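# Breakdown of the fold
If you want the building blocks of each chain, they are given just below.
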Amino acid sequence: MKIHFVTSEALPFSKTGGLADVIFGLSSALCKKEISSIVVSPLYSDIDFSSFEKVCSLPITMNWRQLVADIYRTNINGVDYFFIGNDYYFKREKIYGYDDEIERFAFFNLSYIEMIKRLNIRPDIVSVHDWETAMIPLLLKHNNLNFKTILTIHNPAFQGSSHSGALYDYFNLPYEYFENGTCRFHDYFSCLKTGIVTCDVLTTVSKTHAKELLNDLVSFNGLGHIIKLRKKNFVGITNGLDYEEFNPASDEYIEYPYDLTTVFPEKQMNQDFLLDSIRFKKDGAVFGIISRLTEQKGLDILPLVIDKIIKENAKLIVLGSGQPQYERIIEGLSKKYPKNIFYYCGYSNSFAHKIYASCDFLLMPSRYEPCGLSQLVAKRYGTIPIVSNVGGLVDTVVPYRKEKAINKADGIVFDISKEEEFVKAIDLAFIVYNDKSTLKKLIKNAMNYKSSWNDTVVSYITLYKKILGIN
């Protein structure tokens with residue numbers, strides 16, 4: 001069985017969000033199960049390709065444009081990575097955020113099709129991800145390349161929308177695909193919608209998010225109505241976690257590594273070290289946020305709980321960047337309460353690991369969250385996640401309630417539709433923090449939670465066999 005993952009980003013070479021983690025974790029886990037995986041991704045400007053093998057240069061025709069795709073290859077943990085290079089499209093400061101996004105990824109899609117035609121790397125299944133590669137199932141069919149395809153929706157907010165002329169101008173596809181509705185969504189052309197109706201199987205990254213999409217709760221512009229057409233071939237599979245990267249017992253970024261048997265002294269020691277490094281006093285609970293600062297992440301309701309955090313002399317450490325208005329909110333709070341709120345604008349992998357290992361609680365008040373990885377990482381490090389009741393957060397956090405036995409509870413879950421519930425969740429966090437026996441039980445439950453890709457990969461292998469008709 002040979003699986004191609006065609007993706008706009010993939011660790012360890014490029015990342016803006018959880019997609020990159022998923023590609024790396026799933027392809028590596030498949031390799032351990034002796035299933036051949038190839039990852040195909042753009043060659044971005046910050047990727048050091050000096051040690052890569054130059055495979056070839058392929059001519060690419062995009063309407064009137066005569067272009068060249070430079071193909072490179074390397075191997076990581078048994079997985080072959082192929083990179084498609086073109087300085088005009090990919091040698092830029094950022095991965096995303098340009099006015100010609102459709103054209104850039106159309107070139108990437110067309111280049112992959114040309115690779116399949118010319119190189120001896122034909123797959124059994126082509127796995128594409130989000131709008132950036134969602135046109136590939138149709139392009140394969142149009143070019144009489146009859147490989148099975150899976151489209152995974154990681155974030156339905158981004159749909160790759162454009163005018164109908166983009167079909168021919170960028171993808172070399174006839175207008176009839178717009179006229180017959182294959183590519184038309186409302187009155188415009190949508191890459192994501194096209195992928196949904198042309199792939200063999202549609203997936204998303206948690207069971208609850210699959211239900212949300214089908215019920216059109218978070219699927220944007222009525223996309224859920226399109227997804228319902230594929231209901232029989234739509235499945236939610238919760239993401240796994242890379243246990244090698246996120247392992248408190250061997251984490252090179254934290255001062256005092258620990259496991260389940262040593263968590264209580266060492267975790268506190270890590271917290272003391274982190275607070276010293278940012279010149280905060282060691283008193284009160286410590287909350288963390290590691291997130292893109294966007295509307296999706298629910299940061300607009302963060303000011304509702306700041307007074308409680310300050311009153312309890314707790315600390316809040318925020319790592320992230322994103323929409324300017326949310327950066328300004330966090331920066332303003334850190335300046336107003338410099339002894340309680342610390343803000344690192346941007347991203348630092350080492351600092352993120354320190355936050356996971358040091359905080360008592362991790363805040364994730366997301367408006368929607370297809371899966372989420374931060375809550376899984378937090379639990380791996382014995383940090384209690386406080387999450388909204390959406391998507392993969394519901395699937396992966398067992399809620400603690402005062403009136404019930406703890407059993408397997410490992411986090412706090414609140415109803416995002418009621419803002420006052422977020423305040424109550426913070427109140428409950430302080431109750432837990434002050435009840436050390438309850439806190440320790442939640443920490444143990446969190447660290448015992450199974451979420452590795454080695455567990456999750458079984459669901460994907462079952463799906464692949466079903467698609468290929470293998471018993």
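What this report covers is the structure whose coordinates are included nearby. (Residues numbered from 1 in each chain as written. Predicted model: local features only at pLDDT ≥ 70, side-chain atom pairs only at ≥ 80, totals over all residues. Heavy atoms only, no water.)

### As for the pattern of salt bridges
Tallied over the full model, the rule gives 17 salt bridges. With a closest N to O distance of 2.9 Å, Lys-15 and Asp-21 form a salt bridge. For Asp-21, a relative accessible area of 10% translates into the label buried. Here Glu-114 and Arg-118 are joined by a salt bridge, their closest N and O atoms 2.7 Å apart. Of this pair, Glu-114 and Arg-118 both sit in helix α3 (residues 101-118), 4 residues apart, which is roughly one turn of that helix. Within the structure, one salt-bridge network assembled from shared partners comprises Arg-65, Glu-103 and Asp-169. (Salt bridge = Lys/Arg side-chain N within 4 Å of Asp/Glu carboxyl O. Buried < 20%, exposed > 50% of the residue type's maximum accessible area, 1.4 Å probe, protein only. Helix = DSSP H or I, 4+ residues; strand = E, 2+ residues; numbered from the N terminus.)

### Side note on a nonpolar patch on the surface
Where nonpolar side chains cluster on the molecular surface, the patch consists of Tyr-256, Met-269 and Phe-273 and spans about 240 Å² of accessible area. Tracing the sequence through the fold places Tyr-256 in the loop between β12 (234-236) and α11 (263-277). (Patch = residues over 30% accessible without salt bridge, like charges linked within 9 Å, V, L, I, M, F, W, Y side chains within 5 Å. Areas by Shrake-Rupley, 256 points an atom, 1.4 Å probe, with all protein chains shown as cover.)

### A few points about the nonpolar core
Residues Met-135 and Phe-171 are the most contacted members of the largest nonpolar core, which totals 96 residues. If one sorts the elements of this core by residue count, α3 sits on top with 10 residues. For Phe-171, the contacting residues outside a window of four places in its chain are Ile-102, Ala-106, Asn-109, Leu-110, Met-135, Leu-139, Ala-166, Phe-189 and Cys-191. If you look at the next biggest cluster of nonpolar residues, it comprises 71 residues, including Ile-278, Val-305, Phe-351 and Val-390. (Core = buried A, V, L, I, M, F, W, Y, C linked by side-chain atoms within 4.5 Å. Contact = heavy atoms within 4.5 Å.)

### Comments concerning empty space enclosed by the protein
Within the structure shown, the criterion is met by 4 cavities of 30 Å³ or more. There is about 60 Å³ of room inside the largest cavity. Leu-11, Asp-21, Val-22, Phe-24, Gly-240, Leu-241, Asp-242, Glu-245, Phe-246, Leu-373 and Trp-453 are the residues that line the largest cavity. A total of 3 residues in the lining of the largest cavity trace back to one element, the largest contributor, which is helix α1 (residues 18-32). For the lining of the largest cavity, the class distribution of residues is 7 nonpolar, 1 polar and 3 charged. (1 Å grid on protein atoms, 1.4 Å probe; cavity = no way out; pocket = protein on both sides within 12 Å on 5 of 7 lines; lining within 4 Å. Points joined across faces, edges and corners; volume = space filled by probe spheres on them. Nonpolar A, V, L, I, M, F, W, Y, C, P; charged D, E, K, R; others polar.)

### Remarks on the layout of surface pockets
In this structure, the second largest pocket occupies an estimated 300 Å³ of space. For the lining of the second largest pocket, the element with the most residues is helix α17 (residues 419-434), which contributes 4 residues. In terms of residue class, the lining of the second largest pocket is made up of 7 nonpolar, no polar and 6 charged.

### What about helix α13 (residues 324-336)?
Taking 1.5 Å per residue as the helical rise, α13 with its 13 residues ought to reach 18 Å, and the 18 Å between its terminal C-alpha atoms agrees with that figure. Next to the buried residues of α13 lie α12 (303-311), β14 (315-320) and β15 (341-345). (Expected span 1.5 Å × (residues − 1).)

### Structural notes on unusual backbone geometry
With omega at 5 degrees, the peptide bond leading from Leu-11 into Pro-12 counts as cis. Position of Pro-12 among the secondary structure elements: in the loop between β1 (2-6) and α1. In the Ramachandran plot, Asp-130 falls in the positive-phi region, its phi being about 60 degrees despite a non-glycine side chain. Counting through the fold element by element, Asp-130 comes out in helix α4 (residues 130-133). On the basis of relative accessible area, Asp-130 is assigned to the buried category, the value being 9%. Of note, Asn-313 is a non-glycine position whose phi angle comes to about 55 degrees, a positive value. Following the sequence through the fold, Asn-313 ends up in the loop between α12 and β14.

### Observations regarding the sheet that holds β15
What the 6 strands build is an open sheet, ordered β15-β14-β13-β16-β17-β18; its pairing is parallel. Strand pairing shows two members of the sheet lacking a second neighbour, β15 and β18 (412-414), which therefore form its edges. Direction aside, the axes of adjacent strands within the sheet are offset by 20 degrees on average. Note: strand β13 (residues 286-290) against β14, 5 bridges, orientation parallel. Opposite Gly-288, over in β14, you have Ile-317 as the bridge partner. (Pairing = 2+ DSSP bridges. Axes fitted to C-alpha atoms, helices over the stretch in contact; angles between N-to-C directions.)

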